[in-house]
Amino acid sequence: YHAMEERANLMNMMKLSIKILIQSALSLGRTLDSDFPPLQQFFVVLEHCLKHGLKVKKTFIGQNKSFFGPLELVEKLCPEASDIATSVKNLPELKTAVGRGRAWLYVALMQKKLADYLKVLLDHKHLLSEFYEPDALMMEEEGAVIVGLLVGLNVIDANLCLKGEDLDSQVGVIDFSLYLKETQDSDGKQDGGITAVLDQKHYVEELNRHLSCTVADLQNKIDCLEKTNSKLQEEVCVWSVTKEDTKVELDTYKQSRQGLDEMYSDVWKQLKEEKKIRLELEKELELQIGMKTEMEIAMKLLEKDTHEKQDTLVALRQQLEEVKAINLQMFHKSQNAESSLQQKIEAISSFEGKTNEMMASMKQMEE
């Protein structure tokens, strides 16, 4: 239960940090650098997410607990990420694995491949089990949700200089002051600023789960507030608080209850809108599935036609070879016939010569 609470808190912090980073980056309208506070806080929160449930490895020097080990797996699973690991390892000012891991995240964000690389890791959880505990964030559903949220960062451009940055000794502390105002403004409302470009079916399930959790949290807050007010009323009766103080407390309760009712109605409205969006997404998903099946049928027919044409081509080649053999036999037969005809002509000419000689000899004998 404790690990589940930690995962939920980290996921909510990541949602807030990504939302504030995208909103501030779009309002700023320029390429971000490493001194931008929301970007710094995003990397701090992401580092906490990657460290959650990380196993401690014992070495000769001591205990090592770094998130750079899982990131090195990306080079093996995704060859196009090999240049990141090479460039990070070649930086002379990085002495620790933590610094290399932070530099790796910087380069992946600049390439707009951070979500893709982490998704590759999540697709091979049997390899991640070597580095993470079973209840770690990267091993549970919250990891997939965070990877989906990271896709939204592809809309921003960042230019982070790794040289001169002291990434080894930086202390990753979350600055909650950046998120307090955002939390007060959007308490009870679903974070709709970032729609994760995950698989559509997974997105619909995650959306429903998040909305149900939000409604349940609001209901729990209302119940807690009612219990608190009932206790306050009992204390008023016990301690004989004046009527004016009781009136003030009731007014406060009514105002807070009215605010919660408005928040509750807003959430229900948003829930209806999200249901409409979900239905539209389901329809689009069905259309895409239908198109995919039609394409598969067309591909099968095309393969069948190709095989039939190949069989026909093989049969025609065999017939051509047979015709060539027949022509060759006819050619040899014609040559033999011509040679025999030539011999017969020579024999006829010799017979004619002999016949002429016999005629001459007969004339001599008659004379």
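Residues numbered from 1 in each chain as written. Predicted model: local features only at pLDDT ≥ 70, side-chain atom pairs only at ≥ 80, totals over all residues. Heavy atoms only, no water.

This paragraph deals with the nonpolar core. Core analysis: the largest hydrophobic core is formed by 62 residues, its most contacted members being Phe42 and Trp104. Among the elements of the structure, helix H1 (2–28), helix H2 (37–51), helix H3 (68–77), helix H4 (82–89), helix H5 (97–110), helix H6 (114–122) and helix H8 (141–150) are those that each provide at least two residues to this core. Leave out the neighbours within four places in its chain, and Phe42 touches Met14, Ser17, Ile18, Leu21, Leu114, Leu150 and Leu153. (Core = buried A, V, L, I, M, F, W, Y, C linked by side-chain atoms within 4.5 Å. Buried < 20%, exposed > 50% of the residue type's maximum accessible area, 1.4 Å probe, protein only. Helix = DSSP H or I, 4+ residues; strand = E, 2+ residues; numbered from the N terminus. Contact = heavy atoms within 4.5 Å.)

Here we take up the side chain of His52. One can find His52 in the loop between H2 and strand E1 (57–58). A relative accessible area of 10% means that His52 is categorised as buried.

Right, let's get into the packing of aromatic side chains. Inspection of every chain in the model, using the stated rule, returns three aromatic pairs. Seen from their ring centres, Trp104 and Tyr117 are 5.9 Å apart, and the 55° between their planes marks the pair as tilted. With Trp104 in helix H5 and Tyr117 in helix H6, this residue pair connects regions lying 13 residues apart in the sequence. Neither residue differs from the other here; Trp104 and Tyr117 are each classed as buried. Among the aromatic residues, those joined into a cluster by ring pairs are Phe42, Phe43 and Tyr106. (Phe/Tyr/Trp six-rings, centres within 6.5 Å; stacked < 30°, edge-to-face > 60°.)

Before going further, it helps to spend a moment on H6. What sets the pattern is the α-helix's 3.6 residues per turn: residues three or four places apart point alike. Among the nine residues in H6, seven count as buried, and that is most of the element. Where H6 is concerned, the buried positions are Leu114, Ala115, Tyr117, Leu118, Val120, Leu121 and Leu122. Looking at the buried side of H6, the elements it contacts are H2, H3, H4, H5, helix H7 (125–128) and H8.

The subject of this paragraph is the pattern of salt bridges. Tallying each qualifying case throughout the model produces eight salt bridges. In this structure, the salt-bridge partner of Glu72 is Lys89, at a minimum N-O distance of 3.7 Å. With Glu72 in helix H3 and Lys89 in helix H4, this residue pair connects regions lying 17 residues apart in the sequence. Relative accessible area serves as the criterion here: at 31%, Glu72 is assigned to the partly exposed category. (Salt bridge = Lys/Arg side-chain N within 4 Å of Asp/Glu carboxyl O.)

Turning our attention to unusual backbone geometry. Unusually for a residue other than glycine, Lys112 sits at a positive phi of about 60°. Residue placement: Lys112 occurs in the loop between H5 and H6.

A few words now on H5. With 14 residues, H5 extends 20 Å between its outermost C-alpha atoms, agreeing within 8% with the 20 Å of an ideal straight helix rising 1.5 Å per residue. Most of H5 is tucked away: ten of the 14 residues are buried. Those residues of H5 lying buried are Gly99, Gly101, Arg102, Ala103, Trp104, Leu105, Tyr106, Val107, Ala108 and Leu109. Positioned one or two residues after H5, Lys112 has a phi angle of 60°, which is positive. (Expected span 1.5 Å × (residues − 1).)

Residue-level pLDDT values for the protein chain average 79, and 78% of them are 70 or greater. The lowest-confidence element of the protein chain is strand E2 (residues 63–64), averaging 51 in pLDDT; the highest-confidence one is H6, averaging 89. Of the regions scoring below 50 in pLDDT, residues 182–205 engages in 45 contacts with residues more than four places distant in sequence or in other chains. (pLDDT = per-residue confidence, 0-100.)

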